[in-house]
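In case you want the letters, here they are:
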Amino acid sequence: MTAFLYALTVLIWGTTWIAIKHQLGAVAFEASIAYRFALAGAVLAAGLALTGRLKTIPWRHQPFVLLQALCLFSCNFACFYLATRSVPSGIVSVVFSAATIFNVANAYLFHRRRPAPRVLAGAVIGLLGIACLFRDTLIGTALDRDTAIGLGLALLGTWFFSAGNLVSARNQRHGLPVATVNAYGMLYGAALVAGVASLRGVPFGFDPSPAYVGALLYLAIPGSVIGFTAYLTVVHRIGPEKAAYMTVLFPVVALTISVFAEGYRVTPLASLGFALVLAGNVVVFAPLQALRAHRKGRPEAACDA
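This part covers the packing of aromatic side chains. Inspection of every chain in the model, using the stated rule, returns 15 aromatic pairs. Taken together, a centroid distance of 5.4 Å and an interplanar angle of 55° make the contact between Phe37 and Phe73 tilted. On the criterion of sequence distance, the pair formed by Phe37 in helix α3 (residues 29-50) and Phe73 in the loop between α4 (62-72) and α5 (75-83) is long-range, its members being 36 residues apart. Ring geometry for Phe73 versus Phe228: centroids 4.9 Å apart, planes at 75°, classification edge-to-face. Here Phe73 is found in the loop between α4 and α5, whereas its partner Phe228 is found in helix α12 (residues 210-238), with 155 residues between them in sequence. Note on accessibility: Phe73 and Phe228 belong to one class, buried. The structure contains a cluster of three or more aromatic residues connected by ring pairs, namely Trp13, Phe37, Phe73, Phe77, Phe80, Phe161, Phe228 and Tyr231. The ring centre of Phe64 lies 3.6 Å from the NZ or CZ of Arg170, which sits over that ring.

Put into structure tokens, the structure is as follows:
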């Protein structure tokens, strides 16, 4: 099940960058974010209520649900939407893959948890692969003031996402159900974005075009309801450091779609990038303890692994 949720999240979130691109235009980005998470939170809460799985969250945990909303369902996406105004979405997805490094750093800073050497090695290999995949795009992007600001916003959004991982892990350690926290958190996030936008006088228009509505539905249901529930469940099962490695795979999925949808040509360097990303995945998740146990002839250790 963990492997299935891991693959499902990679496939869903690897395609959301295209949907986000269709939301940029006539509608203010704050409105698009608020619409997305209001719809996602309402759908998720209704589904949980109908199945009797919507739980009450004690007041002492509400500040942490709000903090999760700030990190995962509002501030991070505000940064990403702003970043895509001056930086190509492909570059933003590459920057987002740095969540692996942020998660390792945050886990050490806040919990003094040292990362396993293979997690660090796999992350470095994967990021090198991403650099190979997007080398031409990175070189072709002029580093002017707007681009620098866009890259900074993408990094800030990635940090918020990483911090949200740790908050979610904390909430799950205290027995709070992932789906219920997500439902409340998405509604909180929508309210926060809408509130700040209203104070700034941002108009809340709507684009009825099929492209915008289709993107909104995809981002709200698969991208948010399914994607965040699957991802945060994986965070609980394997830890934020390993779970964040899937962010290295998102650009690979986006690039694969680009091959068929946008005529992207795979160069030898890009092929090397694919291979490095896959190799990094193997390094992170290879059952090294099982191999050691096999060498020492201790099957019980293999079972523990």
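On to helix α11 (residues 178-199), then. The α-helix winds at 3.6 residues per turn, so residues separated by three or four positions along the chain end up facing the same way. Helix length check: α11, at 22 residues, gives a terminal C-alpha distance of 31 Å against a target of 32 Å (1.5 Å per residue), a fit within 8%. Among all positions of α11, only Val178, Ala179, Thr180, Val181, Asn182, Ala183, Gly185, Met186, Gly189, Ala190, Val193 and Ala197 are buried. Against α3, α4, α10 (145-173) and α12 lie the buried residues of α11. Positive phi shows up at Gly201, right after α11, with a value of about 75°.

What the rule picks out here adds up to one salt bridge. A salt bridge links Arg200 to Glu30, with the shortest nitrogen-to-oxygen separation between them at 2.6 Å. You can see Arg200 sitting in the loop between α11 and α12 and its partner Glu30 sitting in helix α3, a full 170 residues away along the chain.

This next bit is on α12. Where α12 bends most, at Gly227, the angle is about 35°. Gly239, located one to two residues past α12, shows a positive phi value of around 95°.

A few words on empty space enclosed by the protein. Here the structure, examined in full by the defined rule, presents one cavity of 30 Å³ or more. Reported here for the largest cavity is a volume of approximately 130 Å³. Put simply, the parts of the chain that give the lining of the largest cavity at least two residues each are α2 (16-23) and α5. Of the residues assigned to the lining of the largest cavity, the class counts are nine nonpolar, two polar and one charged.

Let's shift gears to the confidence of the model for the protein. Per-residue confidence for the protein averages 81 on the pLDDT scale, and 81% of its residues sit at or above 70. In the model, residues 288-305 has pLDDT below 50 throughout and makes seven contacts with residues more than four positions away in sequence or in other chains.

All right, on to the packing of α4 against α11 then. Between α4 and α11, the least distance of the axes is 8 Å, while the angle of their chain directions is 60°. In this structure, α4 meets α11 at a crossing whose hand is right-handed. Residues Gln62, Val65, Leu66, Gln68, Ala69 and Leu70 of α4 touch α11, and the partners they reach there are Val181, Asn182, Tyr184, Gly185, Tyr188, Gly189 and Leu192. When the residues that make up the contact of α4 with α11 are grouped by side-chain class, the tally is eight nonpolar, five polar and no charged.

Structurally, the position occupied by Ala46 is in helix α3. Spatially, the C-alpha atom of Ala46 lies 9.1 Å from that of Ala183, the residues being 137 residues apart in sequence.

Attention now moves to the side chain of Thr9. Inspection of the secondary structure puts Thr9 in helix α1 (residues 2-13). Under the relative-accessibility criterion, Thr9 is labelled buried at 0%. In this structure the side chain of Thr9 is engaged in a polar contact, spanning 2.8 Å, whose partner is the backbone oxygen of Leu5. When near neighbours in sequence (up to four residues on either side) are disregarded, Thr9 contacts Gly14, Gly227, Ala230, Tyr231, Met246 and Phe250.

About the thresholds
- Residues numbered from 1 in each chain as written.
- Predicted model: local features only at pLDDT ≥ 70, side-chain atom pairs only at ≥ 80, totals over all residues.
- Heavy atoms only, no water.
- Phe/Tyr/Trp six-rings, centres within 6.5 Å; stacked < 30°, edge-to-face > 60°.
- Helix = DSSP H or I, 4+ residues; strand = E, 2+ residues; numbered from the N terminus.
- Buried < 20%, exposed > 50% of the residue type's maximum accessible area, 1.4 Å probe, protein only.
- Lys NZ or Arg CZ within 6 Å of the ring centre and 35° of its normal.
- Expected span 1.5 Å × (residues − 1).
- Contact = heavy atoms within 4.5 Å.
- Salt bridge = Lys/Arg side-chain N within 4 Å of Asp/Glu carboxyl O.
- Bend = angle between axes of the 7 residues up to and from the residue.
- 1 Å grid on protein atoms, 1.4 Å probe; cavity = no way out; pocket = protein on both sides within 12 Å on 5 of 7 lines; lining within 4 Å.
- Points joined across faces, edges and corners; volume = space filled by probe spheres on them.
- Nonpolar A, V, L, I, M, F, W, Y, C, P; charged D, E, K, R; others polar.
- pLDDT = per-residue confidence, 0-100.
- Axes fitted to C-alpha atoms, helices over the stretch in contact; angles between N-to-C directions.
- Left-handed = near helix turned anticlockwise from the far one by under 90°.
- Polar contact = N/O pair within 3.5 Å; in protein donor to acceptor, adjacent residues only side chain to side chain.

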